There are 2 protein chains.
Amino acid sequence: MLALETLEEHGKLRFTRLGELIGDVSQKMLTKTLRQMEADGLVLREVFPVVPPRVEYELTPLGRSLGEAFCGVWTWADEHRQTILDARTAFTARKNATDAMN
Amino acid sequence: MLALETLEEHGKLRFTRLGELIGDVSQKMLTKTLRQMEADGLVLREVFPVVPPRVEYELTPLGRSLGEAFCGVWTWADEHRQTILDARTAFTARKNATDAMN
DNA sequence: CGGAATCCAGATTGATACTG
DNA sequence: CAGTATCAATCTGGATTCCG
């Protein structure tokens, strides 16, 4: 999902640059994720036969449409992130109180 | 996600009934999922102190809002499921062809 | 009925080293 | 640069048993 978003925002990107923009991803996971997305037809992988190697990734129309479909979820997440964190804290507090009783 | 959808469609549900409607879930996973959703404030868990036990689950307003946010994704999935399956087949075919060359 | 507890095989992932 | 290969460690989920 982060890869999808990043590619949607920045368009065509090289492997390392994409990793930097996403933040905390091992290259192993990034590779796997991109291969899966490529297999699903969400991303286009373009290899340039030069030294040093250069590989660019960009969303296909299908990938972009998925990004748009997720738009509502991103908005929701932004709006309710804190609410959820609070709910978790409250839940843990309730749980501990109940546990202590028994 | 399936639990969210099912609860959104059917409203208040008992544990076993919810499991049946979702289809292929072990009670372990269903329990875990529901507890997580409860902790996140997405679902309300109501226990009736009767024999046999009766526990009902229903979405909170926060849970319903998430269900709505996911609406676009469900639609997308319905529309593109087959496209993705085809893409995977094509990708595997390409991969095998390439592998055979080397 | 609605779980909790235990056991366990298999999948996932991070870290590390190597390569064209 | 953009990976692949390998090993170890963790995590996951299924199956099973037990309980109030």
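Refer to the structure above for everything that follows.
The rules behind the values
Residues numbered from 1 in each chain as written. Chains lettered and ligands numbered in written order. Predicted model: local features only at pLDDT ≥ 70, side-chain atom pairs only at ≥ 80, totals over all residues. Heavy atoms only, no water. Helix = DSSP H or I, 4+ residues; strand = E, 2+ residues; numbered from the N terminus. Least-squares fit on C-alpha atoms with pLDDT ≥ 70 in both. Contact = heavy atoms within 4.5 Å. Buried area = accessible area lost by both parts, 1.4 Å probe. Salt bridge = Lys/Arg side-chain N within 4 Å of Asp/Glu carboxyl O. Polar contact = N/O pair within 3.5 Å; in protein donor to acceptor, adjacent residues only side chain to side chain. Nonpolar A, V, L, I, M, F, W, Y, C, P; charged D, E, K, R; others polar. Buried < 20%, exposed > 50% of the residue type's maximum accessible area, 1.4 Å probe, protein only.

1. A word on unusual backbone geometry
Working step 1: For the bond running from A:V51 to A:P52, omega is 0°, close enough to zero to count as cis.
Working step 2: One can find A:P52 in the loop between β2 (43-48) and β3 (54-59).

2. Considerations on the relation of the copies chain A and chain B
Working step 1: Note on the identical chains: chain A maps onto chain B by a rotation of 180° and an axial translation of 0.0 Å, with an RMSD of 0.1 Å. Such a combination of turn and shift is consistent with a two-fold rotation axis.
Working step 2: Taken as a fraction of all interface residues of chain A, those also at the interface in chain B reach 100%, which identifies the copy contact as same-surface.

3. Quick notes on the interface of chain A and chain B
Working step 1: Each partner contributes residues to the interface: chain A has 20 residues there, and chain B has 20 residues.
Working step 2: Summed over both sides, the interface of chain A with chain B buries roughly 1700 Å², with 73% coming from carbon and sulfur.
Working step 3: Of all residues in chain A, A:D40, A:W76 and A:F91 bury the most surface against chain B, accounting for 31% of the area lost on that side.
Working step 4: Scanning the region where chain A abuts chain B turns up two salt bridges.
Working step 5: With a shortest N-O distance of 2.5 Å, B:D40 and A:R88 are connected by a salt bridge.
Working step 6: Inspection of the chain A/chain B interface yields six residue pairs in polar contact (both at pLDDT 80 or more).
Working step 7: Sorting the residues of the side of chain A that touches chain B by element identifies α3 (27-39), α4 (61-69) and α5 (71-101) of chain A as the ones contributing at least two each.
Working step 8: A per-element tally of the side of chain A that touches chain B places α5(A) first, with nine residues.
Working step 9: Tallied by class, residues from the side of chain A that touches chain B come to 11 nonpolar, five polar and four charged.

4. Concerning the pattern of salt bridges
Side-chain pairing between opposite charges can occur once the charged atoms of the two side chains come close.
Residue and element names in this part refer to chain A.
Working step 1: Taken as a whole and judged by the stated rule, the model has 12 salt bridges over all chains.
Working step 2: With a shortest N-O distance of 3.8 Å, E58 and K12 are connected by a salt bridge. Placement of E58 in strand β3 and of K12 in the loop between α1 (2-10) and β1 (13-14) is noted, with a sequence separation of 46 residues between them.
Working step 3: Among the residues examined, E58 registers a relative accessible area of 24% and is labelled partly exposed.

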